[in-house]
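# Breakdown of the fold
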Amino acid sequence: ADLLAPFEFERQYVFQEALRTATSDVQWALVELEQPVTSTLGALLIASHLESDLNLNVCRLAFYGRLLADVESGDSAALARLRVFKHKAKTGQVDRVQDAHTIIGKGLVAPTTDINQFAGMRVHLGPLVGTITGSFGKAKFKMDFSAHDLDLKGVQEAIKGAQIELRYRRFIYDPKRKMVQSGDGRKKT
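Computed from a prediction, not measured in an experiment: that's the story for all the values here. (Residues numbered from 1 in each chain as written. Predicted model: local features only at pLDDT ≥ 70, side-chain atom pairs only at ≥ 80, totals over all residues. Heavy atoms only, no water.)

Moving on to the overall build of the chain. For the chain, the helix and strand inventory stands at 2 helices and 11 strands. Scanning the chain from its N terminus toward the C terminus, one meets helices and strands in the order β-β-β-α-β-β-β-β-β-α-β-β-β. With the C-alpha coordinates aligned to their principal axes, the bounding extent of the chain is approximately 70 × 35 × 30 Å. The 189 residues of the chain split such that 25% are buried. Intrachain contacts of the chain at a sequence separation of at least 6 include 57% that bridge at least 24 residues. In the structure as shown, the chain presents an accessible area of about 12,900 Å², 50% of it carried by carbon and sulfur atoms. (Helix = DSSP H or I, 4+ residues; strand = E, 2+ residues; numbered from the N terminus. Buried < 20%, exposed > 50% of the residue type's maximum accessible area, 1.4 Å probe, protein only. Contact = heavy atoms within 4.5 Å. Areas by Shrake-Rupley, 256 points an atom, 1.4 Å probe, with all protein chains shown as cover.)

Here it is, written out as structure tokens:
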């Protein structure tokens, strides 16, 4: 891996629970230390497992890498610059097919949630891709699937047994907890 590869704050990075060991790709990590360490940006940091028994023949190296940025613990503005996201998805069910382009759904969000905050967001239903247009009654919502050329029977056949899926990204350091869908730049708060 290239230890001198630049970290780009403008890029989006996928969150990983742990570093992958079987890869030659560059991986970035936010390391929170218990005690402050004096260092300069760009310095090579090497950390070891000090709790390991010195008499054992084991590697005590924990990680190594370059210090690219200084982020104070609790500095939410600095953390928000780190565009690290997790893939998220919500699923719902088809309540009924209104016509060849309009489908009524349910169960995507809790009944107390205002579905209108999801208006304009893309949903997947089997092979079809549509858009949430708004609420339909108290706990249901309406979706538009006008970007296909199927008739009513074709739509019913295409979505048979399929679940509605709303896919989005959630940035883990975003204090507003926005939902972002890739490809169109749409953001929802």
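Tallied over the full model, the rule gives 4 aromatic pairs. With a centroid separation of 5.0 Å and an interplanar angle of 85 degrees, the aromatic rings of F7 and F9 are classed as edge-to-face. F7 gets classed as partly exposed once you look at its relative accessible area, which sits at 21%. When the centroid spacing of 5.8 Å and the interplanar angle of 65 degrees are considered together, the rings of F85 and F171 count as edge-to-face. Pair noted here: F85 is in strand β4 (residues 84-97) and F171 is in strand β9 (residues 164-171), with a separation of 86 residues, a long-range link. Comparing F85 with F171 shows no difference in burial state: the two are buried. Taking the ring centre of F9 as reference, the NZ or CZ of R81 above it sits at 3.8 Å. (Phe/Tyr/Trp six-rings, centres within 6.5 Å; stacked < 30°, edge-to-face > 60°. Lys NZ or Arg CZ within 6 Å of the ring centre and 35° of its normal.)

What follows covers the pattern of salt bridges. Two side chains of opposite charge can pair, provided their charged atoms sit close to one another. Taken as a whole, this structure holds 4 salt bridges when the rule is applied. Notably, a salt bridge pairs D95 with R96, separated by 3.0 Å at the nearest N-O pair. According to the relative accessible area criterion, D95 is partly exposed, its value standing at 24%. Ionic contacts of the salt-bridge type, sharing partners, join the residues D95, R96, K106 and K140 into one network. (Salt bridge = Lys/Arg side-chain N within 4 Å of Asp/Glu carboxyl O.)

Along β9, 6 of the 8 residues are buried, which leaves the element largely enclosed by surrounding structure. Two elements, β4 and β9, share 8 bridges in a ladder whose sense is antiparallel. Across the sheet, G92 pairs through a bridge with I164, a residue of β9. (Pairing = 2+ DSSP bridges.)

Turning our attention to the layout of surface pockets. Taken as a whole, the second largest pocket holds about 160 Å³ of empty space. A breakdown of the residues in the lining of the second largest pocket according to their chemical character gives 6 nonpolar, no polar and 4 charged. (1 Å grid on protein atoms, 1.4 Å probe; cavity = no way out; pocket = protein on both sides within 12 Å on 5 of 7 lines; lining within 4 Å. Points joined across faces, edges and corners; volume = space filled by probe spheres on them. Nonpolar A, V, L, I, M, F, W, Y, C, P; charged D, E, K, R; others polar.)

Let us now look at the side chain of Q181. Note that Q181 resides in the loop between β10 (179-180) and β11 (187-188). Only 2.8 Å separates the side chain of Q181 from the backbone nitrogen of R122, close enough to count as a polar contact. A distance of 3.0 Å separates a polar atom in the side chain of Q181 from the backbone oxygen of R167. (Polar contact = N/O pair within 3.5 Å; in protein donor to acceptor, adjacent residues only side chain to side chain.)

This brings us to unusual backbone geometry. In this structure, R177 is a non-glycine residue whose phi angle is positive, near 55 degrees. With respect to the helices and strands, the residue R177 is situated in the loop between β9 and β10.

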